[in-house]
Amino acid sequence: MAEDGAENGGNWERGVIEKLATEALKEQRRSRRWGIFFKLLTFAYLTFLIVLALDWRIGGDGLKGDKHTALVDIVGVIEPKGDANADHITSALQSAFKDSNTQGVILRINSPGGSPVQAGIIHDEIRRLRGLHPNVPMYAVVEDMCASGGYYIAAAADRIYVNKASIIGSIGVLMDGWGFTGTMDKLGVERRLLTAGENKAFMDPFSPVNAKHKEFAQNLLDEVHQQFIDVVKKGRGKRLKENPELFSGLMWTGAKSIELGLSDGYGSLDSVAREVIKAEDIVDYTQKDNLAERFAKRFGAATANALARLVLPRDFSLR
């Protein structure tokens, strides 16, 4: 009996020791995991601060004391909430022209077009700045594409340089949307729409096409198109060749655009800065969103904008 008691006592003590050892190991593992977590968190935080600092430095004006060529980029769709919006572009242009060391300004364009209002604001500001700074030339350099609203802006430049394979033109206006009436009939969905004002449901995608509304919309498009044509004619002048398709919305290669007078010759950012402006040093004045702004746009505004376009597709577009 005594031996059994001793054995049971030993087992109990061993069990307690094993339990304590197990808990100590678990605590060690937990501490190690938390240590790794906090180290990773600290590393991520420091990385974020470094990226933010670099982003701020790169996004600055980058002004230099030496004489230079000023660069302003227009990349992507020209729209109020995008990178290529009138506020960003006009502010960058103002900084570029005001710098006494700027020998010339290059507007590098790679855009399919976009909002006629945003393009018009940028175009008008270019003309104003060129009037204020007559001794500072401004050239448009086209990379892959300068179409529609992009060309609306480029027409304000002194000269337009392209690559032979660039896509140029699309001088036209569109108004796109959707019609869901057939789908609604198939699904048995009834449209119940109440308005105050006989034309308030203008081009409603859930109602049949109204002939009066369609005619009115076409007149609007024609008016904006004529504004576009006038801008191009004023900017390009006698360089434009007579061609019935010039303002039809068609696009041409850079090589063909030179023949038509839509552009002036071949050139890149570096070659125009070096050979035309005679200032090889290039300073980028393009205004870029900071890290937080880019994050917000990517995960917030883009989704809302896509939904708005689907439900209310009634905007004009120079693209």
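For the structure given in this document, a descriptive report is provided here. (Residues numbered from 1 in each chain as written. Predicted model: local features only at pLDDT ≥ 70, side-chain atom pairs only at ≥ 80, totals over all residues. Heavy atoms only, no water.)

## Details of the overall build of the chain
So, step 1. The number of helices and strands found in the chain is nine helices and 10 strands.
So, step 2. Buried positions account for 34% of the 319 residues belonging to the chain.
So, step 3. Summarising the internal contacts of the chain: among those between residues at least 6 apart in sequence, 75% fall at separations of at least 24.
So, step 4. Total accessible area on the chain stands at roughly 19700 Å², and carbon and sulfur atoms take up 57% of it. (Helix = DSSP H or I, 4+ residues; strand = E, 2+ residues; numbered from the N terminus. Buried < 20%, exposed > 50% of the residue type's maximum accessible area, 1.4 Å probe, protein only. Contact = heavy atoms within 4.5 Å. Areas by Shrake-Rupley, 256 points an atom, 1.4 Å probe, with all protein chains shown as cover.)

## Observations concerning the packing of aromatic side chains
So, step 1. All told, the structure shown has four aromatic pairs when counted by the stated rule.
So, step 2. On the basis of an interplanar angle of 20° and a centroid distance of 5.2 Å, the ring pair of Phe180 and Phe206 is categorised as stacked. On the criterion of sequence distance, the pair formed by Phe180 in the loop between β6 (174-175) and α5 (181-187) and Phe206 in the loop between α5 and α6 (211-236) is long-range, its members being 26 residues apart. (Phe/Tyr/Trp six-rings, centres within 6.5 Å; stacked < 30°, edge-to-face > 60°.)

## A closer look at the pattern of salt bridges
So, step 1. Scanning the model with the defined rule gives 11 salt bridges in all.
So, step 2. Among the salt bridges present, the one from Glu143 reaches Arg108, with a minimum N-O distance of 3.9 Å. Separated by 35 residues along the polypeptide, Glu143 in strand β3 (residues 138-147) and Arg108 in strand β2 (residues 102-111) bring together distant segments of the chain.
So, step 3. Looking at Glu143, the relative accessible area reads 36%, which means it is partly exposed.
So, step 4. One network of salt bridges, with partners in common, ties together Asp73, Arg108 and Glu143. (Salt bridge = Lys/Arg side-chain N within 4 Å of Asp/Glu carboxyl O.)

## A few points about a positive patch on the surface
So, step 1. A grouping of Lys26, Arg29, Arg32 and Arg33 is seen on the molecular surface, where their side chains present a positively charged patch.
So, step 2. Among the structural elements, Arg33 can be located in helix α1 (residues 2-59).
So, step 3. On the basis of relative accessibility, which here comes to 54%, the residue Arg33 falls in the exposed class. (Patch = residues over 30% accessible without salt bridge, like charges linked within 9 Å, V, L, I, M, F, W, Y side chains within 5 Å. Lys, Arg positive; Asp, Glu negative; His and termini not counted. Charge placed at Lys NZ, Arg CZ, Asp CG, Glu CD.)

## Thoughts on the side chain of Glu125
So, step 1. Mapping Glu125 onto the fold places it in helix α3 (residues 116-132).
So, step 2. On the basis of relative accessibility, which here comes to 12%, the residue Glu125 falls in the buried class.

## Notes on helix α2 (residues 86-98)
Owing to its 3.6 residues per turn, the α-helix brings residues three or four apart onto one side.
So, step 1. In a regular helix each residue adds 1.5 Å, so 13 residues correspond to 18 Å; α2 covers 18 Å between its end C-alpha atoms and thus fits that length.
So, step 2. Here α2 has its buried residues at Ala86, His88, Ile89, Thr90, Ala92, Leu93, Ala96 and Phe97.
So, step 3. Where α2 is buried, its residues touch β1 (68-75), β2, α3 and β3.
So, step 4. Here α2 starts with a cap whose side-chain oxygen sits 3.1 Å from the backbone nitrogen of Asp87, and that cap is Asn85. (Expected span 1.5 Å × (residues − 1). Polar contact = N/O pair within 3.5 Å; in protein donor to acceptor, adjacent residues only side chain to side chain.)

## Points about a negative patch on the surface
So, step 1. Taken together, the side chains of Asp66, Asp270, Glu280 and Asp281 make up a negatively charged region of the molecular surface.
So, step 2. By relative accessible area, Asp66 is classed as exposed at 53%.

## Concerning α3
So, step 1. Look at α3: 24 Å from first C-alpha to last across 17 residues, which is about the 24 Å you get at 1.5 Å a residue.
So, step 2. Along α3, the residues that are buried comprise Pro116, Gln118, Ala119, Gly120, Ile122, His123, Glu125, Ile126 and Leu129.
So, step 3. If you check the start of α3, you find a side-chain oxygen 3.2 Å away from the backbone N of Val117, and it comes from Ser115.

## Topic: unusual backbone geometry
So, step 1. Although it is not a glycine, Ser170 sits at a positive phi angle of roughly 55°.
So, step 2. Mapped onto the elements of the fold, Ser170 is located in the loop between β5 (167-169) and β6.
So, step 3. Residues other than glycine seldom take positive phi values, yet Met203 does so here, at roughly 55°.

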